[in-house]
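Here's the letter readout for the chains.
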Amino acid sequence: MNTRRRDVIDTMELPDLGASRRAFLKTSGGLVLGFSLFGPAAAMAATRELPLDTSVAAMSGAGPFPAVDPAKLDAWIAIHPDNTATLFTGKVEQGNGSPNALLQMAAEELDFPYDRFYLVMGSTTETVDQGPTYGSMAVRYAGPQIQHAAAAGRQVLLTMASKQFGVPVQKLTAAAGVITVAGTPGKSITYGKLVGGKRLDVTIGASGKTFGMKVAPDAKLKDPSKYTVIGTSVPRKDIPGKTTGQFTYMQDVKVPGMLHGRVVRPYGVGAKLLKVDEAGLKDIPGFVQIVREGNFLGVVAQTEWGAIQAAEKLGSKLHRKGPDDGLAKWSNWNGLAATNEVWDAVRKAPGKAQSVAKHGDVDKALKAAAHTLKATYLTPFETHGSIGPECAIADVDNGRAIVWGGTQMPHQAQRDLAELLGFPVDKVEVRWVEASGQYGRNGLEHVMADAAIMSRAVGRPVRVQWMRWDSHGWDPKEPPIVQDLEGGLDAQGNVTAWRHHMWVPTFSNTRLLASELIGKPVGTENLGNAAIGYEYTFDNADVSSHNESRVGVITAWMRAPGQFETTFAMEAFIDELAAAAKQDPLEFRLKYLKEPRTVGVLKAAAKLYGWQPRVAFSAGKQSGRKATGRGIAWVNRDDSRVATIADVEVDQQTGEIRVVRVVVAHDNGLVISPDGMRNQIEGNIVQSISRTLHEEVAFDHAHVTSRDWASYPILRFHEIPDSIEIVLVNNDPKFISTGGGEPSTCPTAAVVSNAVYDAVGVRLRQRPFRPARVKEAMSAV
């Protein structure tokens, strides 16, 4: 999405892009470029090297990087003389196409052709702070802001045309970027000609901040019955370039005069840097200097290969023999819980209790129950596993900084970097560029801090890219969770008691690693959160979470943080109760669910699947090597409801699980781009199967030991399901768009666990379901 049109690249000289958004708008006659969405041909023509000298040293003047005023129309929209337009948004592309949906919403309200509408995302001096791009919230919260801005823009253009033609606004019609006087077909004007290269310097009003911001409150939105763009599957313009390898990712960006950096992390997570022998680095061609500040250690060289060589000599390598393995010497620190000790560490960590639901008398009900069940569910540390290693460029000089990065929260990163560097916020600019493998809070914020520290030390732009072992070893992890469940049934198989207790480390530790290493912490350490809803109507229930801070290493969000884990335990244990009650798992759930949209997705999934009621594993052990089974689960994540059904095969000799067919019923209200939503759901299913079957971070007492793809396997292409079938439920304007970035991730582990039970009669309560673990479980029954 950060491609640029060939014709523009070849003909424009833009020596000051980004130095001042207002100045650039003024000098370019309204034409605004940046990291844009273009058609397939243009995407193919993308450049891999920024043709601009955008370093601080090259920028004229010493002014600040002011924040964009959301109350101004030109904060959101620019109309260009060639009758193209640009939408500015603080949201960024995370691989799921949500900015594409925002562009559709703007095109709809502005009455402007989607294919002539470009997009500038994230850069702090060009876009409004609409909050981070996470949690399936881009369309839900930024969408209405952009809709109102575009609707206000349409009204401004009609008013301008009214003066141009000397007729009332009511006599004008706007369509496809052209305004026409009603009844006089030849009397029309394009938006581009009407604006004439000027800025849309009009106050439209705004109040509030980020997710809660209200923009252009007086703008009248279009009647949904007249939508022609919203609800249609327009092509994503970034896909062709990404498919052919022509797309310019953050990892491809170059800045004139830049040097290359690599980090050298401590051997043990809490180790101290004792000493560094620099003598052995002098013979590396292009070596510039090491950067040492507290326990932060980096190396800068003229070339990337020089930086890699120097870092390796200092100790950055996949297999390190100990804290003395390299020219950098570290203290011998062994304070981590090893892989098999993680669960005890989580249970014993201090925290704060939080009740999710509590009613009735669970203890009394359990004592009176005809049948009781208890189970413990364990989910591991996980890493983001971004295919592209984290990368950033920083240019820090003379009290100002420009940082190029792929963060999902550029405006917060601007504030964090300013605190790290000791600069005023308006002396720091973050230029967002989509990074390969960008999602969640992986290491993209952290590598920006690494680059900033190194650039400050050498006084030149520095590009830093993590090695694979840096990414797997040091990106913030999805934390492990321990969950104890207990339930009671009466003689008729009705649920009489439900208890669900969780131990949850934080998903939101935003402390920058580099800031801790230099001894100047930046970022917050929040407590964990169960991230669970509770809709079952059991008479006696006790659901609570023990919310904790950091346990072991820095942990943050991946996809559907927390709820992927809690849905696994809740929906798998419901299945255990259904089996014990000898009831069909779908009918069992429906007995205790009343919310119509929840019931709706379960029934829609069952209909698409062709569900026939029966008790799970009712036929007993299957003959033959491959046993088959089906599983069902559902979730409500932030008002988006999903029900998933899957068929699996279990190899009874090897323990290998293969997910064959997946059916998803997805209700997130109005869908802006149905094809985009289906792509997102498919992506969630594939990734969540990978997490279910394969992914687990391993530790010794010093550090992460799963630092490559062999030790941290992910799903392979031959393991992709044969089919993923999707039905979109309540796709109607009367239901607000509640987001689809994460919800369909949540049910997968429970679905697979339940399907395995149906196939072989074995409950899997600890992820991942690797073959050895499955075989062990089968051998125990």
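Residues numbered from 1 in each chain as written. Predicted model: local features only at pLDDT ≥ 70, side-chain atom pairs only at ≥ 80, totals over all residues. Heavy atoms only, no water.

Trainee: Where do I start with the overall build of the protein chain in this structure?
Mentor: Broken down by element type, the protein chain carries 20 helices and 26 strands. The globule rule puts the C-alpha radius of gyration for 781 residues at 28 Å, and the 28 Å found for the protein chain is close to it. Along the three orthogonal principal directions, the C-alpha set of the protein chain runs to about 80 × 80 × 45 Å. The 781 residues of the protein chain split such that 63% are buried. A sequence separation of at least 24 residues applies to 79% of the contacts in the protein chain between residues at least 6 apart. Carbon together with sulfur atoms contributes 53% to the accessible area of the protein chain, which is approximately 28,100 Å² in total. In the protein chain, which carries 87 positive and 83 negative side-chain charges, the distance between the mean positions of the two groups comes to 2 Å. (Helix = DSSP H or I, 4+ residues; strand = E, 2+ residues; numbered from the N terminus. Rg over C-alpha atoms; globule rule 2.2 N^0.38 Å. Buried < 20%, exposed > 50% of the residue type's maximum accessible area, 1.4 Å probe, protein only. Contact = heavy atoms within 4.5 Å. Areas by Shrake-Rupley, 256 points an atom, 1.4 Å probe, with all protein chains shown as cover. Lys, Arg positive; Asp, Glu negative; His and termini not counted. Charge placed at Lys NZ, Arg CZ, Asp CG, Glu CD.)

Trainee: I would appreciate a short explanation of the packing of aromatic side chains in the present structure.
Mentor: For any two aromatic rings, the description comes down to two numbers: the centre-to-centre distance and the angle of the planes. Scanning all chains against the criterion turns up 17 aromatic pairs. Grouping aromatic residues by their ring pairs yields a cluster made of Trp-498, Tyr-536, Phe-538, Phe-573, Phe-588, Tyr-592 and Trp-634. Lying across the ring of Trp-611, Arg-630 places its NZ or CZ 3.5 Å from the centre. Between the NZ or CZ atom of Arg-763 and the centre of the ring of Tyr-757, over which it lies, the distance is 3.7 Å. (Phe/Tyr/Trp six-rings, centres within 6.5 Å; stacked < 30°, edge-to-face > 60°. Lys NZ or Arg CZ within 6 Å of the ring centre and 35° of its normal.)

Trainee: Please explain the side chain of Arg-262 as it appears in this structure.
Mentor: Among the structural elements, Arg-262 can be located in strand E9 (residues 259-263). Side-chain polar atoms of Arg-262 contact the backbone oxygen of Gln-465, separated by 3.1 Å. If sequence neighbours within four positions are ignored, Arg-262 has contacts with Gly-298, Val-299, Glu-304, Ala-307, Ile-308, Ala-311, Met-454, Gln-465 and Met-467. (Polar contact = N/O pair within 3.5 Å; in protein donor to acceptor, adjacent residues only side chain to side chain.)

Trainee: I would appreciate a short explanation of the sheet that holds strand E22 (residues 541-548) in the present structure.
Mentor: Hydrogen bonds along the backbone pair up the strands of a sheet, which may run parallel or antiparallel. Spatially, E14-E22-E21-E20-E15 is the arrangement adopted by the 5 strands of the open sheet, whose pairing is mixed. A strand with exactly one partner marks an edge of an open sheet, and here the two such strands are strand E14 (351-359) and strand E15 (371-379). Geometrically, the sheet is characterised by an average inter-axis angle of 10° between neighbouring strands, direction not taken into account. Pairing geometry for strand E20 (residues 481-489) and strand E21 (residues 495-504), over 8 bridges, is antiparallel. Residue Val-482 lies in a different strand from E21, and its bridge partner there is Trp-503. Contacts between helix H15 (residues 563-580) and the sheet are confined to E15, E20 and E21, with E15 contributing the most and set at about 155° to the helix. (Pairing = 2+ DSSP bridges. Axes fitted to C-alpha atoms, helices over the stretch in contact; angles between N-to-C directions.)

Trainee: Can you walk me through the pattern of salt bridges in this structure?
Mentor: For side chains of opposite charge, pairing can occur when their charged atoms come near one another. Applying the stated criterion across every chain, the model contains 46 salt bridges. Across the salt bridge formed by Arg-614 and Asp-758, the nearest N and O atoms sit 2.8 Å from each other. You can see Arg-614 sitting in the loop between helix H17 (596-609) and strand E23 (626-637) and its partner Asp-758 sitting in helix H19 (residues 748-760), a full 144 residues away along the chain. For Asp-651, the salt bridge identified is with Arg-625, shortest N-O distance 2.9 Å. Of this pair, Asp-651 sits in strand E24 (residues 640-651) while Arg-625 is found in the loop between H17 and E23, placing the two residues 26 residues apart along the sequence. The buried category is assigned to Asp-651, whose relative accessible area is 6%. Residues participating in the shared-partner salt-bridge network are Glu-93, Arg-236, Asp-238, Lys-242 and Glu-434. (Salt bridge = Lys/Arg side-chain N within 4 Å of Asp/Glu carboxyl O.)

Trainee: Would you mind showing me how to read the nonpolar core here?
Mentor: One broad rule of soluble globular proteins: the nonpolar side chains tend to lie buried together. With 85 residues, the main nonpolar core has Trp-498, Tyr-534, Tyr-536, Phe-588, Val-650 and Ile-657 as its most contacted residues. One finds Tyr-114, Val-128, Ala-152 and Val-215 within the second-largest nonpolar core, a separate group that totals 55 residues. (Core = buried A, V, L, I, M, F, W, Y, C linked by side-chain atoms within 4.5 Å.)

Trainee: Hey, could you run me through helix H20 (residues 771-779) in this one?
Mentor: Since the α-helix turns once every 3.6 residues, residues separated by three or four places project in the same direction. What H20 keeps buried is the set Val-774, Ala-777 and Met-778. The buried residues of H20 occupy one face: seen down the axis, they fall within an arc of 100°. Turned more than 90 degrees off the buried face of H20, the exposed positions are Ala-772, Glu-776 and Ser-779. Buried residues belonging to H20 abut E24, strand E25 (657-667) and H19. (Arc of directions from axis to C-beta.)

Trainee: How should I be thinking about the packing of helix H11 (residues 410-421) against helix H12 (residues 444-458) in this particular structure?
Mentor: Two packed helices can be described by the angle between their axes and the distance between those axes. As a packed pair, H11 and H12 sit with axes 11 Å apart at the nearest point and diverge in direction by 35°. In terms of crossing hand, the pair formed by H11 and H12 is right-handed. Facing Ala-413, Leu-417, Leu-420 and Leu-421 of H11, the residues of H12 in contact are Met-448, Ala-449, Ala-452, Ile-453 and Arg-456. Of the residues assigned to the contact of H11 with H12, the class counts are 8 nonpolar, no polar and 1 charged. (Left-handed = near helix turned anticlockwise from the far one by under 90°. Nonpolar A, V, L, I, M, F, W, Y, C, P; charged D, E, K, R; others polar.)

Trainee: Help me understand the environment of Asn-494 in this model?
Mentor: Following the sequence through the fold, Asn-494 ends up in the loop between E20 and E21. Sequence separation between Asn-494 and Tyr-592 is 98 residues; the distance between their C-alpha atoms is 9.7 Å. With residues near it in sequence (within four places) discarded, Asn-494 still touches Gly-488, Leu-489, Lys-591 and Tyr-592.

Trainee: Please clarify how the pairing of strand E19 (residues 462-465) should be interpreted in this entry.
Mentor: Consecutive side chains along a regular strand alternate between the two faces of the sheet. Here E19 shows two buried faces, one formed by Val-462 and Val-464 and the other by Arg-463 and Gln-465. The pairing of E9 with E19 spans 3 bridges and is parallel. Each residue of the ladder has a partner; that of Leu-259, found in E19, is Val-462. In terms of strand pairing, strand E16 (residues 391-397) meets E19 through 4 bridges, oriented antiparallel. Paired with Ala-392 across the bridge in E19 is Val-464.

Trainee: Help me understand helix H18 (residues 674-693), please; the structure alone is not making it clear to me.
Mentor: Under the 1.5 Å per step criterion, the end-to-end length of H18 is 29 Å for 20 residues, consistent within 8% with the ideal 28 Å. Here H18 lies mainly inside the structure; 14 of its 20 residues are buried. (Expected span 1.5 Å × (residues − 1).)

Trainee: Help me understand the packing of H15 against H19 in this model?
Mentor: For the pair H15 and H19, the least separation of the axes is 7 Å and the interaxial angle reads 30°. As far as their axial angle goes, H19 and H15 are roughly parallel. You can see that H15 and H19 cross each other, and the crossing is right-handed. Residues Phe-564, Thr-567, Phe-568, Glu-571, Ala-572, Asp-575 and Ala-579 of H15 pack against Thr-748, Ala-749, Ala-750, Ser-753, Asn-754 and Tyr-757 of H19. (Parallel < 35°, antiparallel > 145°, perpendicular 65-115°, else oblique.)

Trainee: What is the right way to read the confidence of the model for the protein chain from this model?
Mentor: Detailed reading of predicted coordinates is not advised where the pLDDT is low. Confidence in the prediction of the protein chain, expressed as mean pLDDT, is 91, and 92% of residues score 70 or more. Contacts of residues 1-61 to residues separated by more than four positions or lying in other chains number 156 contacts, the stretch itself having pLDDT below 50. (pLDDT = per-residue confidence, 0-100.)

Trainee: Would you mind going over the sheet that holds E23 with me for this structure?
Mentor: Reading across the sheet, the 4 strands line up as E23-E24-E25-E26 and stay open at both edges, with mixed pairing between neighbours. In this open sheet, the two edge strands, each paired with only one partner strand, are E23 and strand E26 (723-728). Taken pair by pair, the neighbouring strands of this sheet meet at an average axis angle of 15°, ignoring direction. Seen against the sheet, H17 touches E23, E24, E25 and E26 and runs at an angle of roughly 35° to E24. The strands that H19 touches are E23, E24 and E25; relative to E23, the one it contacts most, it runs at about 150°.

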